[in-house]
Amino acid sequence: MKQIHFIGGGQMAEAMIRAVIANGVVPADHISVEDINEQRCELLTNRYGVTHAVEQKASLANADILVIAVRPQDDLAQVGESIQEFAGPETAVLSIVAGVTIEKLTGFIGENRPIIRVIPNTLTDTGFGYSGAALNKYAKKEQVDEFLNGFGKVLYLDEKLIDTFTGFGVAGPNYVYYFIESFADAGVLAGLSREQAWQVALENVAGSVVMLKKSGLHPRQLLDINNSAGGVGIHALYELNNSDFAAGLQRAVKSAVKRTTELGEESK
Ligand SMILES: NC(=O)c1ccc[n+]([C@@H]2O[C@H](COP(=O)([O-])OP(=O)(O)OC[C@H]3O[C@@H](n4cnc5c(N)ncnc54)[C@H](OP(=O)(O)O)[C@@H]3O)[C@@H](O)[C@H]2O)c1
């Protein structure tokens, strides 16, 4: 059973801790946390039973996976120095710090160490959603695969695709939330109560995903089955096409990817 140590115990660290414990992937007594904010450590200890790492040297030395979960503007140089001083050479250093590249992390923690740059998904409590992970040449998937699958699924990517993945995949739930909201509003506009429209919208989205997975069919094939000649479905589709629906969504993703890259540049 791997020992996991978090440097930084903020919101994202908590979401990951909550999920890996709830999913039985890492027991609480195999997780330690250090945070310059003592109250965060106390909260995480009380809430989840993880260890408040008072003795940093031992926690870093004992860890199989070190998770750097501080913000991009925090003192990464100091975090790197501690890792260089106390962590074993084989310890997997997993960073979730947005915009900080493997090259930059190497500068902080030194050459020859396994580094995994991860963009965590925000659906951690559900078991769905993909996190993105890029590995340097010293890191092996086996070192982190089980842990990463403890808070969703994981897509291993070349680092140059991380921004694309962030704007498309990690921002993904936002597009879906917005679609569901708009769809429920459409039901209300058409005359259903808010509650009726909401339940039907949720059920349609969840069921459509199951339908696609179960049937193995392309959406266009299912649309062909549902849309009879001159019927209801094809009339609705015609209006959606007129509304620039697909291109609007695609522009939104492109814009999110561009913004991810800009934020990464700004943090350099
Ligand atoms: N939230 C998300 O949805 C999300 C998604 C993807 C990636 N990320 C990335 O995840 C990272 C953490 O985000 P977050 O939302 O969890 O931030 P957060 O809630 O602000 O957590 C960061 C924590 O690290 C502590 N800290 C700062 N410097 C430290 C140090 N040298 N040693 C130990 N602890 C230190 C902070 O304490 P103080 O507050 O006292 O400074 C704070 O408690 C960020 O790099 C972010 O880019 C977040």
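Residues numbered from 1 in each chain as written. Predicted model: local features only at pLDDT ≥ 70, side-chain atom pairs only at ≥ 80, totals over all residues. Heavy atoms only, no water.

### Topic: the packing of aromatic side chains
Just so we agree on the cut-off: Stacked, tilted and edge-to-face are the three classes applied to pairs of Phe, Tyr and Trp rings, where Trp contributes its six-membered ring and a pair requires centres within 6.5 Å; stacked means planes under 30 degrees apart, edge-to-face means over 60, and tilted covers the rest. Secondary structure follows DSSP: runs of H or I at least 4 residues long count as helices, runs of E at least 2 residues long count as strands, and numbering of each begins at the N terminus. Each residue is placed in one exposure class: buried if its accessible area under a 1.4 Å probe, protein chains only, is under 20% of its type's maximum, exposed if it is over 50%, and partly exposed if it falls in between.
As enumerated under the stated definition, the model contains 3 aromatic pairs in all. On the numbers, 5.6 Å between centres and 75° between planes, the contact of Phe 147 with Phe 151 is edge-to-face. With centroids separated by 5.6 Å and ring planes inclined at 20°, the aromatic side chains of Phe 179 and Phe 183 adopt a geometry described as stacked. You can see Phe 179 and its partner Phe 183 sitting in helix α8 (residues 172–190), 4 residues apart, about one turn around the helix. When its relative accessible area of 35% is taken as the criterion, Phe 183 is described as partly exposed. Among the aromatic residues, those joined into a cluster by ring pairs are Phe 6, Phe 147 and Phe 151.

### Remarks on the packing of helix α7 (residues 162–170) against α8
Here is the rule we go by: Only the contacting stretch of a helix is used when fitting its axis, a line to C-alpha atoms as for every element, and angles between N-to-C directions run 0 to 180 degrees. For classification purposes, angles smaller than 35 degrees are called roughly parallel, those larger than 145 roughly antiparallel, those between 65 and 115 roughly perpendicular, and all remaining angles oblique. The contact criterion used throughout is that any non-hydrogen atoms of two residues lie within 4.5 Å. Note that Gly is not counted as nonpolar here; it falls among the polar residues with everything else outside the nonpolar set of Ala, Val, Leu, Ile, Met, Phe, Trp, Tyr, Cys and Pro and the charged set of Asp, Glu, Lys and Arg.
Close contact between α7 and α8 brings their axes to 4 Å; oriented N to C, the two are set at 25°. The orientation of α7 with respect to α8, classified from their angle, is roughly parallel. Along the contact surface, α7 presents Gly 167, Phe 168, Gly 169 and Val 170, while α8 presents Gly 172, Pro 173 and Tyr 175. Of the residues contributing to the contact of α7 with α8, the split by class is 4 nonpolar, 3 polar and no charged.

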